Amino acid sequence: MRPVLLLGGLAVAGALAGLAVVFLGLYNTSARSGHWPGVSWVLHTTFRNSVELRAPSPEEVPDLTEPMVRLGARHYASACETCHGAPGTMRTATIRAMVPAPPPIAEAVGSWTPAELGWIVREGVKMSGMPGWPSVRNDEVWSVVAFLTRVGSMTHEQYAALVGPASTEGPPGFGYCAGCHGTDGVSGNARIPRLDIQTPDYLEMALLSYRDGRRQSGYMTHAASAVPGERLRALAQRFGRVRAGGEEGATRPAAGPEAPADTPAWDVPLTTLSGSFHGGPEPAAAVATLSEPVAGSVAAAAGEAPRGEAAAAAAVAADPVVRGRALATAEAGLRDVPACQSCHGPDAERRRSDTPALAGQYRAYLEVQLRLWRDGVRGGGPRAPLMTEAAKLLSDAEIVALAAYYASLPPDAP
């Protein structure tokens with residue numbers, strides 16, 4: 001009985017001591033005084049073990065390509081450089097006085113694996129000032145990870161070449177935006193959409209959707225919040241479709257071909273597109289088996305008699321543009337998928353003002369966006385619920401086909 005009373009007394013004393021620390025201000029929270037001896041070791045060890053336990057498997061990490069490095073570097077420069085510094089530069093005295101102090105980026109990357117870095121970038125770190133990714137999307141973090149895997153050996157000049165402003169001519173903030181999207185709205189990077197094919201009204205709506213969280217993207221939510229709201233319209237007008245004389249309404253000439261494709265969207269595990277690292281949808285096959293009506297349509301487009309599901313899948317794999325056109329125009333009553341062209345063109349007079357132009361957009365970008373719509377993650381715009389419902393009906397093969405079809409088209413004429 002006495003040991004029980006002793007333990008109970010110790011528990012009560014511990015609770016009273018804790019309450020005294022909280023309510024009487026006995027613990028000194030001054031950053032100047034630092035932590036008690038051993039606290040930093042305990043916190044860092046806890047952090048490392050937590051990451052190792054929760055990080056995704058290496059198989060979930062996509063190929064970390066150079067286009068991803070360029071995109072990740074630009075986001076890092078805008079969102080992370082203030083605390084972690086850049087190659088060849090010193091962090092400010094104020095940042096170095098933080099407790100805990102954010103380590104220089106090469107030191108922060110340390111011996112972490114890409115999978116572990118992906119978890120850290122996605123989740124952030126409590127009580128350290130390290131934020132989680134500002135979006136429910138998971139696919140975007142891998143571009144930052146791609147940059148982090150290279151930054152340790154990067155010189156100041158190499159880093160500056162990746163993140164320098166593209167232009168100083170234009171409305172305030174234009175150089176910041178053009179660094180990713182190009183001075184003419186043509187990025188040349190399949191992960192970054194063309195803007196020159198969109199109207200200023202649509203671009204302004206997209207920026208506002210990012211800004212207020214209706215449309216998901218860690219990159220663009222950060223970018224739209226970094227630019228004062230009153231400047232968004234001017235930026236949309238600068239990047240949107242303009243006539244040769246400077247009026248809105250026509251498409252600029254294409255600024256060269258799309259950069260060599262990096263990881264095709266269908267090679268990236270779907271668990272990196274939405275949901276969590278553990279518990280999202282299972283990766284799907286690159287070309288799914290199609291229904292009998294689909295098989296008949298593809299065979300008819302090829303001038304052949306229907307030969308069943310296997311033949312349809314083979315036809316899509318050989319020429320997805322044929323299948324994409326059939327889907328976009330709703331030929332032969334293909335399932336319940338509505339005709340994409342009724343809202344998105346390619347004929348300009350048929351496209352709605354509150355929907356984006358798709359003709360000439362990058363294929364890999366379109367595939368990712370369609371998967372996000374299908375997974376209920378994309379959002380943005382007044383017709384988002386309709387697009388979400390329509391995308392739910394698409395298989396992976398149909399997404400590939402639609403993206404291939406629209407990417408194969410020239411931009412709409414004004």
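Described in the following lines is the structure provided in the data block. Keep in mind the model is a prediction, meaning the values are calculated, not measured.

## Let's talk about helix α13 (residues 232-239)
Stage number 1. Within α13, the full set of buried residues consists of L232, L235, A236 and F239. What you see down the axis of α13 is that its buried residues fit within an arc of 100°, all on one side.
Stage number 2. Where α13 is buried, its residues touch α10 (174-181), α11 (200-211) and α12 (218-226).

## Examining the side chain of E116
Stage number 1. Along the chain, E116 falls in helix α7 (residues 114-123).
Stage number 2. Of the side chains bearing the opposite charge, R48 lies closest to the buried E116, which forms no salt bridge; the N-O distance is 4.9 Å.
Stage number 3. At 3.0 Å, the side chain of E116 forms a polar contact with the backbone nitrogen of T113.
Stage number 4. Once residues lying within four places of it in the same chain are set aside, the contact partners of E116 are V51, E52, A55 and S111.

## Considering the environment of V109
Stage number 1. With respect to the helices and strands, V109 occurs in helix α6 (residues 105-109).
Stage number 2. Taking relative accessible area as the criterion, V109 reaches 11% and is therefore assigned buried.
Stage number 3. With 42 residues separating them in the primary sequence, V109 and V151 have C-alpha atoms 8.5 Å apart.
Stage number 4. Among residues more than four places away in sequence, those in contact with V109 are L117, L148 and V151.

## Focus on the packing of aromatic side chains
Stage number 1. All told, the structure shown has eight aromatic pairs when counted by the stated rule.
Stage number 2. Centroid distance Y76 to F147: 5.0 Å. Interplanar angle 40°. Geometry classified as tilted. With Y76 in helix α3 (residues 66-79) and F147 in helix α8 (residues 141-151), the pair connects residues that are 71 residues apart, well separated along the chain.
Stage number 3. Here the aromatic rings of W133 and Y219 are separated by 5.4 Å at their centres, their planes lie at 90°, and the arrangement is edge-to-face. In this pair, W133 sits in the loop between α7 and α8 while Y219 sits in helix α12, placing the two residues 86 residues apart along the sequence.
Stage number 4. Given a relative accessible area of 8%, W133 falls into the buried group.
Stage number 5. Members of the aromatic cluster, connected to one another through ring pairs, are Y76, F147 and Y159.

## Thoughts on a nonpolar patch on the surface
Stage number 1. A cluster of nonpolar residues, V12, L16, L19, V21, V22, F23, L24, L26, Y27 and W36, forms a patch on the protein surface that exposes about 1,100 Å² of accessible area.
Stage number 2. In this fold, F23 is placed in helix α1 (residues 2-24).
Stage number 3. On the basis of relative accessibility, which here comes to 67%, the residue F23 falls in the exposed class.

## Considerations on the pattern of salt bridges
Stage number 1. For the structure on display, the rule yields 13 salt bridges.
Stage number 2. When the shortest N-O distance is used, the salt bridge between R371 and E367 registers 4.0 Å. Of this pair, R371 and E367 both sit in helix α18 (residues 363-374), four residues apart, which is roughly one turn of that helix. You'll find R371 and E367 in the same group, each marked buried.

The rules behind these values
For every chain, the first residue of the written sequence is number 1, and numbering continues from 1 onward in sequence order. Residue-level local features of this predicted model are given only where pLDDT is at least 70; pairs of side-chain atoms are given and counted only at 80 or more, and the full residue set underlies all totals for whole chains, interfaces and linings. The basis for every side-chain value is the complete set of non-hydrogen atoms in the structure, without hydrogens or water. Only protein chains enter the calculation, and the probe is 1.4 Å; a residue is then buried if its accessible area is under 20% of its type maximum, exposed if over 50%, and partly exposed in between. Per the convention used, a helix needs a DSSP run of H or I reaching at least four residues, while a strand needs a run of E reaching at least two, with both numbered from the N terminus. Arc, as used here, means the arc of the directions from the helix axis to the C-beta atoms. What makes two residues a contact is simply this: any of their non-hydrogen atoms within 4.5 Å. When charges are counted, Lys and Arg are positive and Asp and Glu negative, with His and the chain ends excluded. Salt bridges are defined by distance alone: a side-chain nitrogen of Lys or Arg within 4 Å of a carboxyl oxygen of Asp or Glu. N or O atoms within 3.5 Å of each other form a polar contact, as long as, within protein, one can give a hydrogen and the other can take it, and as long as residues adjacent in sequence are counted only when both atoms are side-chain atoms. When the centres of two rings from Phe, Tyr and Trp lie within 6.5 Å, Trp using its six-membered ring, the rings pair. Their planes under 30 degrees apart give stacked, over 60 give edge-to-face, and anything left gives tilted. Distance thresholds for patches are 9 Å for like charges and 5 Å for nonpolar side chains (Val, Leu, Ile, Met, Phe, Trp, Tyr), applied to residues having over 30% relative accessible area and no salt bridge. Per-residue and other accessible areas were derived by the Shrake-Rupley procedure at a 1.4 Å probe size, with only the shown protein chains allowed to occlude residues.

Just distances and angles here, no functional claims.
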